[in-house]
Amino acid sequence: MDAEIQSKPRRLSWPAGLGGRSEKTVAQLLIAPGQLLMVFIVLFPAAVAIYLAFTDFQPTSGYQWFDAYKGWHWFGNYWEALKSGGVFWTGGGFWMAVFRTVIVTVLGVGVELTLGFALALLFLKTFPGRSVLTVVFLLPMMVVPAVTGFIFYMLFQTQGPVNGALTFFLHDVLHATGHIHVPWLSDPNIALFAIILADIWQWTPLMFLILLSGLVSLPEDQLNAARILGARFSDQFRYLVLPMMWPIILIAVIIRAIETFKIFDSAWLLTTGGPGDATTTISVFLYRQTIAETTRWGFGSAVAILVLIMVSLLALRAIRPIEAAQEESIGELVGADVEAESVSLEQAIEAEARL
Amino acid sequence: MEKQDPRPERTIPEEPAQTGRTFGRAAFLKSAGAAGAGIAFGGVAGSAKAWTRSSRNAHLARNRLASGNIGGPTGFAGAERYQYGADTAAGRAILGLKQLTNNGKKPITLSWRIWNGAVGQLTVPFPKGAPAVAALLEKETGVKVKFIQDTPNNNGQKNLQTLSTRDGGLNILQTQITDNGDFAEGKMLRNLDEFVAKYRPDWADPKWGYAGGATTVALMNKYNGSVYSVSFDGDYQVWVYRVDLFDNAQNQKDFKAKYGYELNDFPKTWKEHDDAAAFFTKPDGSLYGSGDLKNPFWGYVNWMMRYVTAAAPNQHYFGPAAKPLVNSRAGITATKEHVASLAWTYPDTLSKSWPEQYAAMGAGQLAMASMFSNATKFITKGSPLDKGFGSKLRTALAPGRMVGGKLVRRSVIYFNAQFAVNAFSNSKLHEAAYLVLQWAGSGQIFSWMAGNPAGYFDPHGQSQLNDPLVRASYKPYASDELKVIIPNTAPPIAGVRGANEYTQALDTNLQKALTKQASPESAMAATAAAWEKITNRYGRAKQAAAISAGLAAWPTGYKYHL
């Protein structure tokens, strides 16, 4: 038995009858159906979108999508998108939609990160009811986004609970007469923030979850050492926790930024992009252009490709600090004088073992 | 494509579907008990029903067709009103279907996409003793209809799927009047001219046809001069008002003292409307002068009612060569008035829709509001429209303007439920599908359907508005007023490709004007610019030709009272 375990695994020989094909050829043949399926699933829709983006195709054109060349448009759709902006803040063009999306992403993810981190730090210590509260805090992210949209649609009614709470708590502070009526969803200066609030409510728990899992995995010996040496909490946080958490924070922010950039469900349900265009984010813009208001699938494809390029560039740029952090941590493990690029897996394992 | 309403306010407050009855255990025991009792007492009193000569004759009369008729429902008092002879639109359709099915020996099955809240009018027997409409069709012709139910919210996307995939699985599709241009140009709708010429529907018939005659037919069923759909609804905008407020002697006296003229029973001009609305609005919010909607998707039709009355007989949306006219003085004035009307409606009206409006009207919080024609149908015990003020509501045609010595008053219709033959479906069944629509949409059958509370298709025809069942449901005063409103109804932007796009551009800019993001002038200028882009994209000549053909759908009369 021992001998069997210790011996090298016996190499499987190919059964006879493969027509003398090499092992590599057979392997390629075996994975070919899967690969073809992947090509169909991933590449085909992408190719169709790229093709349609060069046309002015609409399903109401009277011909099918593969005949879209009849309305060949070259880069007309891209040009139309790129030159459309409109009046600042209220305009309905592509760039204003991008601008609003960036506002939602920066504010939404920023607040989610801050709240999520604060909650995660609070939940690091044990206290009675912690596990129950953890589950409660995670509930919002389990709600279907469309339902979140509907919940906040009800909350933000002028005579809804949010204004009711404002009236109760701030009536005297604001010297208000009667019920406070904040038109959350119909004031162009406020409506976008209502959408951001809904996003924060739903996705702070995810940020909390990721950051909490990062915090609990931090090496306790270093934190204990700092504590014993008399480091204040702020110093521990600044010089130990934050640097060690940095890659996790980046990952959490990237995940949420990419998701928020595509925000649609709650935005559409709360305001349908209005009043006017005041809350038209990029996904809402796309939906309005392709299904809700018109069927400009050619133009919509061009906009979708522009968005894909933007998000990809953003992701590439955002991933760079993670790679740098990884390189740095491995570099520290094997010694500062060893260039990170040249570190092999064996060296890293050896260094870790030394520690 | 159909306009989507993805928001909660998309719920049109129309009558809930009664697509079937649930039969619970309690109901079963109750009926079983009753049946048992019937058997027991029947045994005592005798097993046969005691017929008298008159009751037997009445029973037989109810279950046979009236003399000269070849088809129609039986089994209830008054059924003969819905029966038809061979030389009627319904009769020709039935005879055509019988020929196609070889008198039922070669049955046909048709698939019909329909809103789930409306299907009951075709599948639920009404009144007591009557068959269901679809059952009668099958019995008379051997044509079986398979209903594929859908919600109004999803219907637009489903049609788009059908169009983009050229899906011929359904024979009859549910559309709206604003879709006809796009779907006809997309080749999804079968041109029905050939069948119309062959079977002569009664749509323009003075007795059985649409109120408004040929003009309404052009509005409802035609695109670019050809028939592409058949109307099954009447989404006319009706002004509902509290008659007690207008009849109140003190109000009349105070109004005259303030404005220097008499308070009419309902305002005849927009100026009078605005004065009355301001007069009735109370600062404490207990009464608002006018609750016409301003919210996205639904509010623009109230702007249209003001706009189209700026010229006699009508102020059109487009001029020659499809040039936009909304940036004219008429458009800017209508926009200014639309914005000003925020002063006499409830707070945050932009996020309010039909449910709030119907409830506010029923609770007596609104003096006037533009509503669907079904509003009076909902004045039933316990409904939102009968919270104390239902009996005080009356209906009227929208106010208008004096133009060249003539009073121009126009309502505007919304999308309206239409049915069309799917051009991608089996072409051998196109004729049968059309004939089913001609039959079900005929004066006789639709009058029978419109009175059925199991669905929300509203009446739009003369015979329907005279029908006792419909009048009982919609109230006699409202039925009579509809006879005035329908012939004076102007189209929305319809009968042209991209109708929904033009409408959305207008709606978006109206929202900007209402929320002070843009002035009325710049909002209308932006609308005109957007319309020009749309027109150029679809081809100016083609758009201009369709708009020109659509002029037949505009009313020209000035008759407002019976």
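Residues numbered from 1 in each chain as written. Chains lettered and ligands numbered in written order. Predicted model: local features only at pLDDT ≥ 70, side-chain atom pairs only at ≥ 80, totals over all residues.

## Focus: the domain arrangement of chain B
All names here are of chain B. Here is the rule: Domain start and end points were adopted from an automatic or database domain assignment. In this description, a residue-residue contact is defined by the distance between C-beta atoms placed from the backbone, which must lie within 7 Å. Numbered from the N terminus, helices here are DSSP runs of H or I no shorter than four residues, and strands are runs of E no shorter than two. Following the grouping adopted for this structure description, the nonpolar residues are Ala, Val, Leu, Ile, Met, Phe, Trp, Tyr, Cys and Pro, the charged ones are Asp, Glu, Lys and Arg, and the polar ones are all others, Gly among them.
Along its sequence, chain B is carved into domain 1 (85–228 + 416–490) and domain 2 (237–412). The interface is formed by 14 residues belonging to domain 1 together with 16 residues belonging to domain 2. Within the residue set of the side of domain 1 that touches domain 2, elements represented by two or more residues are α19 (468–474), α20 (476–485) and β15 (489–490). Sorting elements by how many residues they give to the side of domain 1 that touches domain 2 places α20 first, with 6 residues. Residue classes in the side of domain 1 that touches domain 2 are distributed as 8 nonpolar, 3 polar and 3 charged.

## Some details on the sheet that holds strand β7 (residues 237–242) of chain B
All names here are of chain B. Selection rule: The pairing criterion is simple: DSSP has to find at least two bridges between the two strands. Helix axes use the C-alpha atoms of the stretch in contact, all axes being lines fitted to C-alpha atoms, and the angles between their N-to-C directions lie in the range 0 to 180 degrees.
Read from one edge of the open sheet, 4 strands run β8-β9-β7-β10, paired in mixed fashion. Both edges of this open sheet fall to β8 (288–290) and β10 (393–396), since each of them pairs with a single strand only. Neighbour-to-neighbour, the strand axes of the sheet open up by a mean angle of 35 degrees, direction not taken into account. Sheet topology note: the β7/β10 ladder contains 4 bridges and is antiparallel. By the bridge assignment, tyrosine 241 is partnered in β10 with arginine 394. Relative to strand β9 (residues 366–372), helix α15 (residues 354–362) is tilted by about 135 degrees, and along the sheet it contacts β7 and β9.

## Some points on the interface of chain B and chain A
Counting from both sides, the interface comprises 29 residues of chain B and, opposite them, 30 residues of chain A. Considering every element that reaches the side of chain B that touches chain A, the biggest residue donor is helix α21 (residues 499–514) of chain B, with 6 residues. The residue makeup of the side of chain B that touches chain A, split by class, is 9 nonpolar, 11 polar and 9 charged.

## With respect to α21 of chain B
Think of an α-helix as 3.6 residues a turn; residues three or four steps apart then line up on the same face. To keep it simple, the criterion reads: Here, expected helix span is obtained from the residue count minus one, scaled by 1.5 Å.
With 16 residues, α21 of chain B extends 22 Å between its outermost C-alpha atoms, agreeing within 8% with the 22 Å of an ideal straight helix rising 1.5 Å per residue. Looking one or two residues past α21 of chain B, lysine 516 of chain B carries a phi angle of roughly 60 degrees, positive in sign.

## Remarks on the environment of serine 442 of chain B
Residue and element names in this part refer to chain B. Locating serine 442 in the fold gives a position in the loop between α16 (430–440) and α17 (443–450). Remark: the alpha-carbon pair of serine 442 and glycine 91, spanning 351 residues in sequence, is separated by 9.4 Å. Setting aside residues up to four positions removed in sequence, serine 442 forms contacts with Ala89, Ala90, Ala93, Asp202 and Trp208.

## Looking at helix α6 (residues 145–155) of chain A
Residues and elements named next belong to chain A. We apply this condition: We call a residue exposed when 12 or fewer other C-beta atoms sit within 10 Å of its C-beta, buried when the count reaches 20 or more, and partly exposed for counts in between; the C-beta positions come from the backbone. This arc is built from the directions going out from the helix axis to the C-beta atoms.
Listing the buried residues of α6 in full gives Pro145, Thr148, Gly149, Phe152 and Tyr153. Within α6, the buried residues cover an arc of 140 degrees as seen down the axis, which keeps them to one side. Elements in contact with the buried residues of α6: α8 (191–216) and α11 (265–271).

## So, the pairing of strand β3 (residues 172–176) of chain B
Residues and elements named next belong to chain B. Burial of β3 is extensive: 5 of the 5 residues sit out of reach of the surface. Here β3 shows no split at all, with Ile172, Gln174 and Gln176 on one side and Leu173 and Thr175 on the other all buried. Pairing of β3 with strand β14 (residues 417–421) involves 5 bridges; the strand directions are antiparallel. What sits directly across from leucine 173, in β14, is alanine 420.

## Observations regarding the packing of helix α5 (residues 130–142) of chain A against α8 of chain A
Residue and element names in this part refer to chain A. This is how the line gets drawn: Any angle from 65 to 115 degrees is called roughly perpendicular, while one under 35 is roughly parallel, one over 145 is roughly antiparallel, and all others are oblique. Should the near helix be turned anticlockwise from the far one by less than a right angle, the crossing is left-handed, and should it be turned clockwise, the crossing is right-handed.
Remark: α5 packs on α8, axes separated minimally by 7 Å, with the N-to-C direction vectors making an angle of 125 degrees. Accordingly, the angle class assigned to the pair α5 and α8 is oblique. Here α5 and α8 pass one another in a crossing that is left-handed. For the pair α5 and α8, the contacting residues are Phe137, Leu138, Pro140 and Met141 in the first and Trp201, Gln202, Trp203, Pro205, Leu206, Phe208 and Leu209 in the second. Class assignment of the residues belonging to the contact of α5 with α8 gives a composition of 10 nonpolar, 1 polar and no charged.

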